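What follows is the residue order along each chain.
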Protein chains: 2
Amino acid sequence: MTTDPEPSAGLLRYGALVTDGLRRRLATVAHDPYLAAPMADYPTRVGKALRPSLCLATCEAFGGPLADALPSAVAIELLHNAFLVHDDIEDASLLRRGEPTLHRRYGTPLALNAGDGLALQAMGTLRENIELLGPRLADRIMVEFDFMSQQTVAGQALELGWCRDNRTDLEPDDYLDLIMKKTCWYTTVLPLRVGALVGSGGTAELDPMIEFGFHLGAAFQIRDDILNLVGDPGLYGKEALGDLQEGKRTLMLIHLLAVAEPADRRWLLAYLDRDPARRPREDVARVLELMVSYGSIGFAGEFATGVARSAMTSMDAAFAGLDDSRARRFIGRLVPFMVERAS
Amino acid sequence: MTTDPEPSAGLLRYGALVTDGLRRRLATVAHDPYLAAPMADYPTRVGKALRPSLCLATCEAFGGPLADALPSAVAIELLHNAFLVHDDIEDASLLRRGEPTLHRRYGTPLALNAGDGLALQAMGTLRENIELLGPRLADRIMVEFDFMSQQTVAGQALELGWCRDNRTDLEPDDYLDLIMKKTCWYTTVLPLRVGALVGSGGTAELDPMIEFGFHLGAAFQIRDDILNLVGDPGLYGKEALGDLQEGKRTLMLIHLLAVAEPADRRWLLAYLDRDPARRPREDVARVLELMVSYGSIGFAGEFATGVARSAMTSMDAAFAGLDDSRARRFIGRLVPFMVERAS
């Protein structure tokens, strides 16, 4: 069945189209000093183009021409970059895609403002759909973006709030609820729904995309959290162990809090009680050791594999009745890629 | 002619409608922990509601029903609040509308994210225009918002960049170019243009609104800069002298750099060369003294009065052919209010 052994060829092909669209969009601010350069910075670092590729491929799988989904795909990628810029400020992150984060390169004020600029460009890009697809479909896509972006900021708020209030009473279901909001809606659910909407000319059944998108996005996010701990720093692109420094409520941390022996748990609670900036490197390393020795990373890895398996089933439901196609096979290959990827 | 001696009655009347619209919009996030409270914070502090009132009154002056401009007015106010939240982080401001800035109350991460939430709600609110006004007019309004928001981030970038790079070669025209971008487009030009667009059902001539909006907005911003120096802190609501601490390139600073005697100018350059956080209080006070003794504040005040006078003329052009109305008189009263206001 599968002729593309890896999704990388597809990511490159779709990614090139998106890069081109981004470049055209960002050309509109090319002459604004202190704005053009920081806005173009993240979008010109090499990323996976996962979200726009998923949107474009879904449009193709539903029988639509790729060009019809391009503004939506570009808008997703612009919004993604806007979220990354603000996320990196919020998390005080050091590295993004292997280079210094935007606020380290330009200072927080100009970086924050450039993030606003990217988000506003995304909204402008979406308006291209009015002429391309007609006002009805364009409006439905805007409704999708609206709902998605509200989910994203709600999820982001939850994650930041949990850290700020040092919540240690969380369960795996809380984590799944969190990543549905902060990651899945914009990474997978929206690209799938909008791709299907455009590809089918508004006739596709969108509900099954929520379940498939949740499984696919959860596999992606759990893998991302694992890569932050044990990934190859050269490939992963963010500073290793940044999540531990911040005290992010990942599946591994929730697992460790649940299973650690009393003495280790007390030590961990004291660690989490400290200001993130004042957690010594050796303590960060000790959290990782505990996660390894208590099997927290293995637990999360198996969880991700299980979710990816569910994704195969929910994908069948979401794409039921569609012919086999290169685009559909590409999406099928994304499922295992989510949990196998090194970057 | 003028029956309302003050625009405050109009501001209260229009403001009440906008507050109601804001409340309904913010109710959609009421159950999101760590998001609902910081998002509702600035919008529930008492502000002037200047921008939405200008939009609503312009719609009425052009013969349209107030309700037709309400989503646009609410969207302007939401976007304004989003800008304030991010602006306060970028400028490290302490007070807003007489209370601690949002990032001091909730921490920078949650405040930054709430600002994103407010901006995204503004975009959602604009979509209400599709049903209310039809897709054509709704799209024209979105184009206006698009262009305006790009101008705003470009202006914001310019101001932040000038401070960061410690630019001391600026002239009054640079300042006017800056405030056209960072202030006038979203404070006056867009509210006027969108109000006219909606009120006239899309037939109004919008070009003259740019000149009127520029004069009106420039008067507003120069007055704002003056209030930061010599306003009554209880009424003004922001920390006194914050602009001097930051080294903002106001008309007063540009004037002072141009006219100061060599010794004072050298001292001022050394002051500006320091990290804003490391400028001692007594030095900040000395900049104010210099501005007073070199007549920089008087210069700016006269400049604002001159611009307000031009606004009266450009308003006549922008509202030519319209009947006298309470709404039109309200806007006429806003012109002197811009330079007379204490808050």
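In this text the structure is predicted, and so the values were computed from the model without any measurement.

Asks: Honestly, the overall build of chain A in this entry has me stumped. Any pointers?
Replies: What chain A contains, in helices and strands, is 16 helices and 2 strands. When its C-alpha atoms are laid out on the principal axes, chain A stretches across 60 × 50 × 30 Å. Here chain A, with 343 residues, has 55% of them falling under the buried criterion. Sequence-distant contacts in chain A: of pairs separated by 6 or more residues, those separated by 24 or more amount to 78%.

Asks: Is there a simple way to explain the environment of Ala311(B) in this structure?
Replies: All names here are of chain B. In this fold, Ala 311 is placed in helix α15 (residues 296-318). In sequence terms Ala 311 and Leu 244 are 67 residues apart; their C-alpha atoms lie 28 Å from each other. Dropping the residues within four chain positions of it, Ala 311 is found in contact with Phe 212, His 215, Leu 216, Ala 219 and Val 335.

Asks: What should I look at first to understand unusual backbone geometry in this one?
Replies: Residues other than glycine predominantly adopt negative phi, and peptide bonds predominantly adopt the trans conformation. All names here are of chain B. Backbone geometry places Arg 97, a non-glycine residue, at a positive phi of 50°. You can see Arg 97 is positioned in the loop between β1 (95-96) and β2 (99-100). Phi is positive for Leu 241, which is not a glycine, with a value near 65°. With respect to the secondary-structure elements, Leu 241 resides in the loop between α10 (233-236) and α11 (242-246). Overall, the presence of 17 C-beta atoms within 10 Å leaves Leu 241 in the partly exposed class.

Asks: Quick question: what am I supposed to make of the packing of helix α3 (residues 50-61) of chain B against helix α16 (residues 326-340) of chain B here?
Replies: Any two packed helices are characterised by the angle at which their axes cross and by the distance between the axes. All names here are of chain B. At a minimum axis distance of 8 Å, the contact between α3 and α16 shows a crossing angle of 135°. Viewed along their axes, α3 and α16 adopt a mutual orientation that is oblique. Considering the relative orientation of α3 and α16, their crossing is left-handed. Two secondary-structure elements touch here, α3 through Leu 54, Ala 57, Thr 58, Glu 60 and Ala 61 and α16 through Ala 327, Arg 328, Phe 330, Ile 331 and Leu 334.

Asks: Sorry if this is basic, but what is going on with the nonpolar core here?
Replies: Side chains of a nonpolar character, in soluble globular proteins, are inclined to be buried together. Among the nonpolar cores identified, the biggest contains 224 residues, and Ala219(A) and Ala219(B) are the most heavily contacted of them. Leaving out residues up to four positions away in the same chain, Ala219(A) has contacts with Ala304(A), Val307(A), Ala308(A), Ala311(A), Met338(A) and Val339(A).

Asks: Please explain the relation of the copies chain A and chain B as it appears in this structure.
Replies: What connects the two chain copies is a rotation about an axis and a shift along it. Once turned by 180° and shifted 0.0 Å along the axis, chain A lies on chain B with an RMSD of 0.0 Å. The relationship between the two copies is best expressed as a two-fold rotation axis. By C-alpha distance to the rotation axis, the residue of chain A lying nearest is Pro135(A), at 3.3 Å. Comparing interface residues between copies, 100% of those in chain A also lie at the interface in chain B; the contact surface is shared.

Asks: What is the right way to read the packing of helix α1 (residues 8-26) of chain B against helix α4 (residues 66-90) of chain B from this model?
Replies: Residues and elements named next belong to chain B. Put simply, α1 and α4 touch, their axes get as near as 9 Å, and they point 75° apart. Relative to α4, the element α1 lies roughly perpendicular. Contacts between α1 and α4 involve Leu 17, Val 18, Gly 21, Leu 22 and Arg 25 on the former and, on the latter, Leu 70, Ala 73, Val 74, Glu 77 and Leu 78. For the contact of α1 with α4, the per-class residue count stands at 7 nonpolar, 1 polar and 2 charged.

Asks: I'm lost on the confidence of the model for chain A in this one. Help?
Replies: Interpreting fine coordinate detail is not advised for predicted regions of low pLDDT. Residue and element names in this part refer to chain A. This prediction gives chain A a mean pLDDT of 94; 99% of its residues lie at or above 70. Least confident of the elements in chain A is helix α10 (residues 233-236), whose mean pLDDT is 78; most confident is helix α3 (residues 50-61), at 98. Overall fold confidence (pTM) sits at 0.94, and the ipTM for the predicted complex is 0.94.

Asks: Explain helix α12 (residues 251-259) of chain A here, please?
Replies: Each α-helix winds once per 3.6 residues, and so residues spaced three or four apart point in a common direction. Residue and element names in this part refer to chain A. The buried fraction of α12 amounts to 7 of the 9 residues, a majority that puts the element mostly inside the structure. For α12, every residue scored as buried is listed here: Leu 251, Met 252, Leu 253, Ile 254, His 255, Leu 256 and Leu 257. Tucked inside the fold, the buried residues of α12 contact α8 (172-199), α9 (207-230), α13 (262-273), α14 (281-293) and α15 (296-318).

Asks: What is the right way to look at the environment of Glu90(B) in this model?
Replies: When you line up the elements, Glu90(B) lands in helix α4. For the pair Glu90(B) and Pro100(B), spaced 10 residues apart in sequence, the C-alpha to C-alpha distance is 15 Å. With residues up to four places along the chain from it excluded, the contact list for Glu90(B) reads Pro109(A), Leu112(A), Asn113(A) and Leu160(B).

Asks: Honestly, helix α9 (residues 207-230) of chain B in this entry has me stumped. Any pointers?
Replies: The terminal C-alpha atoms of α9(B), which comprises 24 residues, lie 35 Å apart, in line with the 34 Å expected from a rise of 1.5 Å per residue. Counting buried residues in α9(B) gives 19 out of 24 residues, a clear majority hidden from the surface.

Asks: Help me out: how do you make sense of the environment of Val292(A) in this one?
Replies: Here Val292(A) is to be found in helix α14. For the pair Val292(A) and Ile331(A), spaced 39 residues apart in sequence, the C-alpha to C-alpha distance is 32 Å.

Analysis parameters
- Residues numbered from 1 in each chain as written.
- Chains lettered and ligands numbered in written order.
- Predicted model: local features only at pLDDT ≥ 70, side-chain atom pairs only at ≥ 80, totals over all residues.
- Helix = DSSP H or I, 4+ residues; strand = E, 2+ residues; numbered from the N terminus.
- Buried ≥ 20, exposed ≤ 12 C-beta atoms within 10 Å, placed from the backbone.
- Contact = placed C-beta atoms within 7 Å.
- Axes fitted to C-alpha atoms, helices over the stretch in contact; angles between N-to-C directions.
- Parallel < 35°, antiparallel > 145°, perpendicular 65-115°, else oblique.
- Left-handed = near helix turned anticlockwise from the far one by under 90°.
- Core = buried A, V, L, I, M, F, W, Y, C linked by C-beta atoms within 7 Å.
- Least-squares fit on C-alpha atoms with pLDDT ≥ 70 in both.
- Nonpolar A, V, L, I, M, F, W, Y, C, P; charged D, E, K, R; others polar.
- pLDDT = per-residue confidence, 0-100.
- Expected span 1.5 Å × (residues − 1).

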